[in-house]
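# Structural overview for review
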Amino acid sequence: MQSYSIWVDADSCQSKAKDMLLKTAKQHDVPVIYVANRPIPFSVESPLFSMVVCEKRKDEADAYIIEHCTVQDIVVTRDLPLAHVILEKKGTVMNDRGVVFTQKILDRMLKERELSMQMVALGIRNGKFSTYSKEDVENFSKTLMNLVQERSL
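Residues numbered from 1 in each chain as written. Predicted model: local features only at pLDDT ≥ 70, side-chain atom pairs only at ≥ 80, totals over all residues. Heavy atoms only, no water.

Below, the discussion takes up the pairing of strand S1 (residues 6-9). Both faces of S1 are covered, namely the face carrying Ile-6 and Val-8 and the face carrying Trp-7 and Asp-9. Chirality of the crossover, the property in question, places the unit of S1, helix H1 (residues 15-28) and strand S2 (residues 32-36) among those that are right-handed. Of the strand pairs in this sheet, S1 and strand S4 (residues 74-76) are connected by three bridges, and their pairing is parallel. Residue Ile-6 lies in a different strand from S4, and its bridge partner there is Ile-74. (Buried < 20%, exposed > 50% of the residue type's maximum accessible area, 1.4 Å probe, protein only. Helix = DSSP H or I, 4+ residues; strand = E, 2+ residues; numbered from the N terminus. Right-handed = clockwise from strand over helix to strand, strands pointing away. Pairing = 2+ DSSP bridges.)

Right, here's the structure in full:
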């Protein structure tokens, strides 16, 4: 068994990314832990996969991941504040579009989110965001595979 796990902030992770994640983890014998405020089914069954259901309080799932993940683990989330804390812990964190967060990337994404929220508030933008594309799935798959292979060396 590997000496690391993959933690998934499962409430907002795209289902295609979750499917790819489970497939990759099963191929490489890596434990996957979904964490959410509600049960989320696995598309593939394996004793490697587990689900942690947290209380339905704001950021409870994030707090659980922060408390239990290690520096060797991979965390998958869209949540920028959670990504920030994982980076502070010197952990590896990526989103479901295949972006591995660094402080520079995180700062840029936070600024973009702030600008987007201001534009919505001013009525300049409708608040709808892009869909999850085939390219996003491919980027996620490639990035995840690279991170898993790095840990297998």
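Resuming the write-up.
A separate point is the side chain of Ser-5. Following the sequence through the fold, Ser-5 ends up in the segment before S1. When residues no more than four places from it in sequence are discounted, the contact partners of Ser-5 are Val-30, Pro-31, Ile-33, Asp-73 and Ile-74. (Contact = heavy atoms within 4.5 Å.)

Further remarks concern helix H5 (residues 134-152). Between its first and last C-alpha, H5 extends 27 Å over 19 residues, near the 27 Å set by a 1.5 Å rise per residue. What H5 keeps buried is the set Asp-136, Val-137, Phe-140, Ser-141, Thr-143, Leu-144, Leu-147 and Val-148. Elements that come into contact with the buried residues of H5 comprise S1, H1, S4 and strand S5 (92-94). (Expected span 1.5 Å × (residues − 1).)

This part takes up the pattern of salt bridges. Taken as a whole and judged by the stated rule, the model has six salt bridges. With a shortest N-O distance of 3.1 Å, Arg-57 and Glu-60 are connected by a salt bridge. By relative accessible area, which is 45% here, Arg-57 ends up partly exposed. One salt-bridge network, held together by shared partners, links Glu-55, Arg-57 and Glu-60. (Salt bridge = Lys/Arg side-chain N within 4 Å of Asp/Glu carboxyl O.)

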